[in-house]
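Listed below are the residues making up each chain.
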Amino acid sequence: MSPARKYLVPFLCALVACPAFVFLHELAHYIAGACLGFGGKLHYGQVTGIRLTWQSDALVTAAGPLLQAGLAVAGFVWLCNLRRERREAAPTLDDWLATTLALNAGRWLRGLTGPPSNPQPPDEALLSRAIGLPSWFLPYLLALAAVIALIACVRLLPPGGRLLPFLSMGLGGAIGIHLWMNIVGPFLLP
C-alpha cells in the first residue's frame, strides 16, 4: 500500500464517519423522545423543544450514548473478526471502517478533560446524576472504556506503522466534526 493511501484511507473514514456519529447520536435522542410522545426539533448538534419528566429525561438522554456504545461494540467485534487471521497484514478499507466504528467511543475521551465549558453538561453526567451517582462517575468510567478500546484497536493492527494512521484518523475526525458543527450541520439542519 502506498504511503499516501496508508494515511488517506483512515483520514477519509473519520472525516465522513465522525460527523455521522454526531448526527446519529442526536437522532437517537430525537427518536427516543418521539417514541415517548414528546415533540422536539432535530438540530445538527442537539435536540430542542422536548419537555420531559425526570423518568423520560433519563430514557431520552440515554438514547444517544447507548447508540454510540452499540456502534462501538459492533465495530470492535467486526474489527476483531476481520483481523483474527490477518494480524500481520496491512489494514484494508474494511479494517479502517470497522476501526472508525469502534472508535466512535472516542467521544467519551472528553470525560478526561474535566467539566465542559458548555453550560449544558454531557449526557453521561446527566445520567450519572439520574441514577444517583456523582456527575463525574459515568464520564470518567466511559473515558476509561474509550482508552481501553483505543489501545485494543491499535494493537489489532500490525506493528511498525500504527501511530501515524491513527493520528491521521484523529485529524480527519476533528476536521469532520468541525465542518459538521460549523458549516454542513447548520446548513442542513438549522
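Look above for the structure.
The rules behind these values
Residues numbered from 1 in each chain as written. Predicted model: local features only at pLDDT ≥ 70, side-chain atom pairs only at ≥ 80, totals over all residues. Heavy atoms only, no water. Patch = residues over 30% accessible without salt bridge, like charges linked within 9 Å, V, L, I, M, F, W, Y side chains within 5 Å. Areas by Shrake-Rupley, 256 points an atom, 1.4 Å probe, with all protein chains shown as cover. Salt bridge = Lys/Arg side-chain N within 4 Å of Asp/Glu carboxyl O. Helix = DSSP H or I, 4+ residues; strand = E, 2+ residues; numbered from the N terminus. Buried < 20%, exposed > 50% of the residue type's maximum accessible area, 1.4 Å probe, protein only. Core = buried A, V, L, I, M, F, W, Y, C linked by side-chain atoms within 4.5 Å. Contact = heavy atoms within 4.5 Å.

1. Focus: a nonpolar patch on the surface
- On the surface, L109, L112, I131, L133, W136, F137, Y140, L141, L144, I148 and L150 cluster together into a nonpolar patch covering about 1000 Å² of accessible area.
- Here L144 is to be found in helix α5 (residues 137-155).

2. Looking at the pattern of salt bridges
- Counted under the stated rule, the structure contains four salt bridges.
- A salt bridge links R86 to D95; the shortest N-O distance between them is 2.7 Å.
- Residue classification places D95 among the buried positions, given a relative accessible area of 0%.
- As a salt-bridge pair, R107 and D123 come within 3.7 Å of each other at their nearest N and O atoms. Taken together, the residues span a long stretch of sequence, with R107 in the loop between α3 (93-102) and α4 (123-130) and D123 in helix α4 at a distance of 16 residues.
- Here D123 falls in the buried class, since its relative accessible area comes to 13%.
- When salt bridges that share partners are traced, they join R83, R86 and D95 into one network.

3. Examining the nonpolar core
- Within the largest apolar cluster, 14 residues are counted, with the highest numbers of intra-cluster contacts made by L79, W96, L103, C153, F166 and M169.
- If you list the elements that add at least two residues to this core, you get α1 (3-35), α3 and α6 (163-188).
- Broken down by element, the residue count for this core peaks at four residues, all from α1.
- When residues no more than four places from it in sequence are discounted, the contact partners of C153 are F76, L79, T99, A102, L103 and F166.
- Counting residues in each nonpolar core, the second largest holds five residues, with A72, A105, W108 and A146 among its members.

4. What to know about the side chain of T99
- With respect to the helices, strands and loops of the structure, T99 is situated in helix α3.
- Note on T99: relative accessible area 0%, which makes it buried.
- Apart from the residues lying within four places of it in its own chain, the contact partners of T99 are L79, C153, F166 and M169.

5. Things to note about the environment of P159
- Among the structural elements, P159 can be located in the loop between α5 and α6.
- The spacing of P159 and A105 is 54 residues in sequence and 23 Å in space, taken between C-alpha atoms.

By themselves, these figures tell us nothing about what the structure is for.
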